[in-house]
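Residues per chain are reported as follows:
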Amino acid sequence: MFNLILFGAPGVGKGTQAKKLVEKYGWIHLSTGDLLREEIKHKTPLGLEADTIMKKGQLVPDEIVIGMIGSALDANPHAKGFLFDGFPRTVAQAEALDKLLTLKKSAISLVLALDVAEEELVRRLLLRGQESNRPDDKDETVIRARIREYENKTAPVAKYYAGQGKITHVPGEGSIEDIFDALSAHVNGKIGQAA
Ligand code: B4P
């Protein structure tokens, strides 16, 4: 089983590249952002709680997202691999993911981290805010709060995977196709090593 984490700040291109990668490699796409937005859409108790937090640009509590990922792993016992998009976002989530995968006799194969400058992140997210209904993309103050949350709570996750020798950094500025080709080359290299 091949398990990839796409890592990076809000707006770095995780969701965009994840869609293309799962189409190419046939993995199951697990985006905690998408799962949370589904809960919000259906006005579930979890969704109502997450909505207030996400509108402020903060991270949803670890136990909620870890529970969602655990259920999604259980729901796909025959998957050939998973692409984790927007998860893990804290070291506690990363540790929980390692434990969940160990229970399934599996592990993270590779972490690809996209790097983009802050002003470009803000530009992209404000643009998406004009084109979509995402309330967290409409206000620059909220976007910058998300980037601060990333620096404080999510960036340390990169060190966690560096300690395991699993993380590779890829430039996230340029055309979507060129970035996709670079990500695919790293995946192919890793699959080749495993074969
Ligand atoms: P997410 O849904 O994960 O969203 P995101 O990080 O803001 O965006 P993403 O990175 O996927 O977007 P992309 O760059 O593809 O999270 C939203 C919120 O959910 C979080 O703030 C948090 O509250 C909560 N949450 C989610 N997971 C959580 C977790 N594990 N723990 C706790 N809380 C959690 O796209 C951005 C824009 O850039 C798009 O419009 C795209 O078209 C554009 N773009 C992409 N690539 C480009 C390129 N190369 N050039 C120009 N534009 C590009």
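Scroll up for the structure.
Residues numbered from 1 in each chain as written. Predicted model: local features only at pLDDT ≥ 70, side-chain atom pairs only at ≥ 80, totals over all residues. Heavy atoms only, no water.

Enquirer: Sorry, what's going on with the packing of aromatic side chains here?
Expert: Any aromatic ring pair is given by two values, namely how distant the centres are and how the planes are angled relative to each other. On inspection of all chains with the given rule, the structure shows six aromatic pairs. Considering the side-chain rings of Tyr-25 and Trp-27, the 4.8 Å spacing of their centres and the 10° angle between planes classify their relative orientation as stacked. Judged by relative accessible area, which is 11%, Tyr-25 ranks as buried. Of the residues examined, Trp-27 reaches a relative accessible area of 7% and is grouped as buried. One aromatic cluster is present, formed by Phe-2, Tyr-25 and Trp-27 through successive ring pairs. Positioned above the aromatic ring of Phe-180, the side-chain terminus of Lys-20 is 4.8 Å from the ring centre. (Phe/Tyr/Trp six-rings, centres within 6.5 Å; stacked < 30°, edge-to-face > 60°. Buried < 20%, exposed > 50% of the residue type's maximum accessible area, 1.4 Å probe, protein only. Lys NZ or Arg CZ within 6 Å of the ring centre and 35° of its normal.)

Enquirer: Can you help me understand the side chain of Gln-17 in this one?
Expert: Mapped onto the elements of the fold, Gln-17 is located in helix H1 (residues 14–25). Polar contacts involving the side chain of Gln-17 include one to the main-chain amide nitrogen of Phe-180, which spans 3.5 Å. Beyond its immediate stretch of four places on either side in the chain, Gln-17 contacts Leu-6, Leu-114, Ile-176, Ile-179, Phe-180 and Leu-183. (Helix = DSSP H or I, 4+ residues; strand = E, 2+ residues; numbered from the N terminus. Polar contact = N/O pair within 3.5 Å; in protein donor to acceptor, adjacent residues only side chain to side chain. Contact = heavy atoms within 4.5 Å.)

Enquirer: Sorry, what's going on with the site of the ligand here?
Expert: The local shell around the ligand holds 30 residues, among which Gly-13, Thr-32, Arg-37, Gln-58 and Arg-146 are the closest. A distance of 3.0 Å separates a nitrogen atom of the ligand from a polar side-chain atom of Arg-89. In this structure, Arg-146 approaches the ligand through a side-chain N or O atom, which is 2.4 Å from an oxygen atom. Within the complex, 89% of the 1,000 Å² of free accessible area of the ligand lies under protein. A molecule is said to occupy a pocket when more than half its atoms come within 2 Å of that pocket's grid points, and by this definition the ligand occupies the largest pocket. Going through the elements one at a time, H1, helix H2 (32–41), helix H6 (118–131) and helix H8 (176–194) are the ones with two or more residues in the shell around the ligand. The element contributing the most residues to the shell around the ligand is H2, with four residues. A breakdown of the residues in the shell around the ligand according to their chemical character gives 12 nonpolar, 10 polar and eight charged. (Near = heavy atom within 4 Å. Areas by Shrake-Rupley, 256 points an atom, 1.4 Å probe, with all protein chains shown as cover. 1 Å grid on protein atoms, 1.4 Å probe; cavity = no way out; pocket = protein on both sides within 12 Å on 5 of 7 lines; lining within 4 Å. Sits in = over half its atoms within 2 Å of the grid points. Nonpolar A, V, L, I, M, F, W, Y, C, P; charged D, E, K, R; others polar.)

None of this, on its own, says anything about what the molecule does.
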